[in-house]
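The chain contents come next:
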Amino acid sequence: MTDNGGGGPDVTQDVRVPWDEDPGDLYEHAPCGYLTMLPDGTIVKVNETFLNWTGFDRAELIGHRRFRDLLSPGDKIYYETHYAPLLSMQDDVHEMAFELVRADGRRLPILVNSILGRDPSGLPRVVRTTVFNATERRGYEKELLAARRAAEASEQRVGALQQVVADLAAAPTAVEVGEAVARAPGFAFGATDARVWLLDPDREQLRALAGTGRGALVAEDIPLGSPLPVAEVARRGDLHVIGSVVQAERHFPELAGVMREAGHGTVVLLPLTAGFAGESIGADVLGVLCFAFVEERELTDSELRVVRLLGHQAGQALDRARLYDDARRREERATFLAETTRALDEVPRLMLRARRLVDRLVPEIAEWAAVRLQVGPAGLQAESGGPVPDPVRLAQRVAVVSGHGKADLADTDPDTDYAVLPLTAGGKVLGTLALRMAPGRRAAAAEAGFLTDLADRAGLALENARLYEQERAVARTLQRSLLASDLPNDPRFAVETHYQAAAHDLEVGGDWFDAFLITSDKLAVVVGDVVGRGIDAATTMGQLRSAIRALASAEAGPARLLERLDRFVDRVESARMATVVYCEVDLSTSELTYACAGHLPPLLAEPGAAPTYLLEGRSGALGSRAGRRIRDEHRVRLAAGSRLLLYTDGLIERRHRRIDAGFEMLARAYAGRRDSPLPGLTAGLAESLVGREHHDDVCLLCLALGTEERLERTIGADPVQIALLRKDMRGWLASHEVDEESTQAVLLACSEAVANAIEHGYRDDPFGVVDISAEVSAGTVEVRVADRGRWVVTGDEMFRGRGLQLIHRVMDDVTFDRTEGTTVTMRRARRVA
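Here the structure is a predicted model, which means the values were calculated and not measured. (Residues numbered from 1 in each chain as written. Predicted model: local features only at pLDDT ≥ 70, side-chain atom pairs only at ≥ 80, totals over all residues. Heavy atoms only, no water.)

## As for the sheet that holds strand 9 (residues 240-242)
Right, on to step 1. Spatially, six strands are ordered 8-7-6-11-10-9 in an open sheet, and the strand pairing comes out antiparallel. Of all the strands in the sheet, just strand 8 (222-223) and strand 9 have a single pairing partner and so form its edges.
Right, on to step 2. When strand 6 (residues 193-200) meets strand 7 (residues 205-212), the two strands line up antiparallel, connected through seven bridges. Paired with Arg195 across the bridge in strand 7 is Gly211.
Right, on to step 3. Here helix 7 (residues 229-236) sits on the sheet in contact with strand 6, strand 7, strand 8, strand 9, strand 10 (266-274) and strand 11 (284-293), set at roughly 35° to strand 10.
Right, on to step 4. Of the strands in this sheet, strand 6, strand 9, strand 10 and strand 11 touch helix 10 (residues 301-345), which is tilted by about 45° from strand 10. (Pairing = 2+ DSSP bridges. Helix = DSSP H or I, 4+ residues; strand = E, 2+ residues; numbered from the N terminus. Contact = heavy atoms within 4.5 Å. Axes fitted to C-alpha atoms, helices over the stretch in contact; angles between N-to-C directions.)

## Re the nonpolar core
Right, on to step 1. Residues Val177, Val181, Leu272, Leu289 and Phe291 are the most contacted members of the largest nonpolar core, which totals 35 residues.
Right, on to step 2. Of all elements in the fold, only helix 5 (135-169), helix 6 (174-189), strand 6, strand 10, strand 11 and helix 10 reach the threshold of two or more residues within this core.
Right, on to step 3. Aside from chain neighbours lying at most four places away, what touches Val181 is Leu168, Val196, Leu272, Leu289 and Ala314.
Right, on to step 4. Core analysis: the next-biggest nonpolar cluster, separate from the first, contains 34 residues, Leu711, Leu747, Trp791 and Met811 among them. (Core = buried A, V, L, I, M, F, W, Y, C linked by side-chain atoms within 4.5 Å. Buried < 20%, exposed > 50% of the residue type's maximum accessible area, 1.4 Å probe, protein only.)

## Some thoughts on the packing of helix 5 against helix 10
Right, on to step 1. For the pair helix 5 and helix 10, interaxial distance at closest approach is 10 Å and the crossing angle is 5°. Regarding the angle of helix 5 to helix 10, the classification is roughly parallel. Each of Arg157, Leu161, Val164, Val165, Leu168 and Ala169 in helix 5 lies in contact with helix 10, whose residues at this interface are Ser302, Glu303, Val306, Leu309, Leu310, Gln313, Ala314, Ala317 and Arg320.
Right, on to step 2. The residue makeup of the contact of helix 5 with helix 10, split by class, is ten nonpolar, two polar and three charged. (Parallel < 35°, antiparallel > 145°, perpendicular 65-115°, else oblique. Nonpolar A, V, L, I, M, F, W, Y, C, P; charged D, E, K, R; others polar.)

## Some words on the environment of Ala283
Right, on to step 1. For Ala283, the location among the structural elements is in the loop between strand 10 and strand 11.
Right, on to step 2. Using a relative accessible area of 19% as the deciding quantity, one classes Ala283 as buried.
Right, on to step 3. Expressed as a C-alpha distance, the spacing of Ala283 and Gly237, which sit 46 residues apart in the sequence, is 8.1 Å.
Right, on to step 4. Excluding anything up to four places from it in sequence, Ala283 contacts Thr273 and Ala274.

## Overview of the pattern of salt bridges
Right, on to step 1. On inspection of all chains with the given rule, the structure shows 45 salt bridges.
Right, on to step 2. For Arg106, the salt bridge identified is with Asp104, shortest N-O distance 2.7 Å.
Right, on to step 3. Exposure remark for Arg106: the relative accessible area of 49% places this residue in the partly exposed category.
Right, on to step 4. Given the relative accessible area of 49%, Asp104 is considered partly exposed.
Right, on to step 5. The salt bridge involving Arg827 is made with Asp813; its shortest N-O contact spans 2.8 Å. (Salt bridge = Lys/Arg side-chain N within 4 Å of Asp/Glu carboxyl O.)

## Considering the packing of helix 18 (residues 720-735) against helix 19 (residues 740-761)
Right, on to step 1. Orientation of helix 18 relative to helix 19, taken along the N-to-C sense of each, is 150°, at an axis distance of 10 Å. Between helix 18 and helix 19, the interaxial angle falls into the category roughly antiparallel. The interaxial crossing formed by helix 18 with helix 19 has right-handed handedness. Residues Ile722, Leu725, Arg726, Met729, Arg730 and Leu733 of helix 18 touch helix 19, and the partners they reach there are Glu740, Thr743, Gln744, Val746, Leu747, Leu748, Cys750, Ser751, Val754, Ala755 and Ile758.
Right, on to step 2. By residue class, the composition of the contact of helix 18 with helix 19 is eleven nonpolar, three polar and three charged. (Left-handed = near helix turned anticlockwise from the far one by under 90°.)

Here it is in structure tokens:
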């Protein structure tokens with residue numbers, strides 16, 4: 001070794017080894033394969049290392065095989081499309097990967113480096129190639145690729161899980177949570193079908209909530225005690241992975257049939273639990289997720305961890321949704337209770353409240369509901385919806401609940417799929433409420449608090465209605481007993497009254513009327529209105545009525561009587577501000593004296609004249625202490641046949657119109673009934689002006705004074721009017737002192753003639769009218785009945801049955817005039833009394 005000039009040994013020279021290197025051996029046993037090929041790839045030289053790797057003999061390759069012949073089918077194409085063109089253009093290729101097919105058919109991964117040698121003219125002459133065994137490298141690459149794919153799959157699953165968690169966080173209800181959970185297996189694992197069941201502990205069943213895919217999984221509710229694997233997972237809370245149909249046949253034969261029919265290879269059953277992540281002990285199972293794969297699939301540990309995490313996240317979301325649903329349900333129930341209480345308060349009557357209660361319950365809460373009240377001898381019942389339970393079994397359960405006053409909420413048995421609750425108030429059982437919960441709603445036992453609260457409120461509302469009706473009946477009875485029922489009967493006058501209670505008032509009013517004889521020749525009529533309602537008002541009205549009767553005298557007169565009433569009111573505070581119209585009629589002179597204490601003016605209709613309001617003699621309400629305490633009165637002489645109408649404000653006052661309009665309407669209606677019979681006149685006025693749906697009491701009194709020389713009446717083509725006409729005509733005949741036998745004969749003949757005029761003259765005209773007139777002379781009573789209709793029969797056929805014979809028998813002379821319509825004139829001689 002020589003010195004390099006720096007004082008050290010010269011290492012640039014070849015180091016001699018202690019043995020001789022054979023170049024041929026180095027070529028043959030090099031750590032790589034050497035091949036020498038012609039430009040077309042024919043092998044002309046190969047070393048021993050390549051032969052050992054491939055298992056070929058040298059004689060098989062040299063001059064007989066091309067390099068590409070040793071490659072796999074895919075690599076042959078790659079050789080022709082990439083390797084050969086690159087080598088031709090670049091004269092070399094480096095680390096090109098191929099799979100070489102060994103002599104025994106096994107494949108050997110290799111890396112190839114080649115150099116193309118050219119002759120002096122530049123033409124390809126030889127290809128020298130080195131081949132490296134890439135088996136370990138390929139395995140390492142596969143491991144890296146598998147790890148990369150696993151990482152990508154894990155990232156995909158985590159991304160899918162994050163998306164599911166976001167969806168779950170945005171899902172407020174159990175249904176929306178179920179839909180998000182059902183989508184997760186498809187995103188995270190590529191599952192083809194998924195189904196979510198929600199555990200309903202009240203009904204002990206798993207309710208099908210949501211699903212995705214082809215719908216091959218069962219989408220029905222499953223009892224919790226069922227042997228199906230979904231129910232078992234819900235009971236045990238364990239993850240089940242059924243890897244194949246064969247495995248399912250060993251453990252879950254029913255599931256195996258479903259898998260075989262749906263073409264599923266693997267099924268995963270995951271409990272959805274609420275609790276701490278990773279802990280199964282003490283965790284509440286809220287539902288089950290089932291998802292399936294078409295092929296048989298073995299889930300990795302990381303996939304199973306993601307599956308369990310999905311179950312935990314879904315369980316937490318279901319728990320939140322359950323709390324949200326509970327809060328929303330409580331809010332809805334509170335709103336329903338408040339609205340139901342308000343709706344029941346809107347109707348005062350007991351039966352209407354019971355009817356409204358069941359109508360509120362069906363179908364919002366229940367599909368069938370019935371209220372049975374122990375009121376009256378037969379009780380009251382209101383029912384809505386259906387189907388109706390077995391009546392015998394229902395009656396038994398109602399009797400038990402009515403007896404001990406405790407709710408029977410056992411509604412899960414098919415024979416008793418309805419609940420029965422007592423309706424109580426003040427510790428007393430008023431009746432029962434039976435109902436069957438609507439489909440999709442929780443069982444009655446789960447709604448025990450709400451139903452109990454509902455029954456308590458309903459019981460109180462119904463008891464209040466019962467007490468109201470009881471008090472209302474007492475007040476009505478008291479009021480009717482205090483209203484004048486013993487009106488005087490005198491041929492010199494006639495009195496017709498009408499009282500109509502308010503349709504919707506919670507209490508009776510203080511409207512009243514009275515008529516009585518002060519002396520044999522002086523008649524008093526009065527109508528009043530007491531402030532307030534209820535029994536107190538009715539009592540006060542009775543006190544005023546009695547006071548007026550006690551204070552009335554022949555010498556006092558209306559003004560003096562009202563002044564005395566003022567002093568009476570000072571001692572009876574409840575009578576203060578009452579209004580009264582008080583009239584006295586001198587029957588011998590037909591003079592009317594009247595006074596109004598804050599009351600509406602009387603309406604007078606005299607024969608041949610339009611109705612007029614009597615606006616004199618007015619002063620303030622009783623005990624008003626307003627203005628001077630001296631009362632005014634006024635006198636007016638009445639013609640024979642005059643009619644005086646007294647009334648209360650309920651007849652004409654309305655909130656939506658001026659009172660002047662009410663006065664005009666009453667005057668027109670009164671004028672239109674000028675010729676109507678007195679009986680029914682006041683009721684007809686009330687019917688036309690207020691109807692039945694009114695909000696205030698109505699009280700009317702009509703006084704017909706004096707004897708009409710000629711009776712003239714007009715009635716509509718309504719057979720009901722005949723009875724009123726008979727009553728009116730009877731009074732008129734009595735005032736003319738017609739004997740009873742003649743009176744009965746005239747009434748019978750007149751009624752028969754009017755009935756035939758309505759039946760034949762106005763058969764197709766309900767708006768026709770019939771005119772009746774009557775006169776009494778010294779020895780004869782003459783009656784005419786005329787209509788303007790078109791009769792379809794004539795002669796003896798114009799009277800039904802034996803009507804004509806009856807008229808001829810009771811009347812002395814009967815004639816017919818059909819010039820304009822039909823007029824029947826009937827005469828009868830008066831008998832000596």
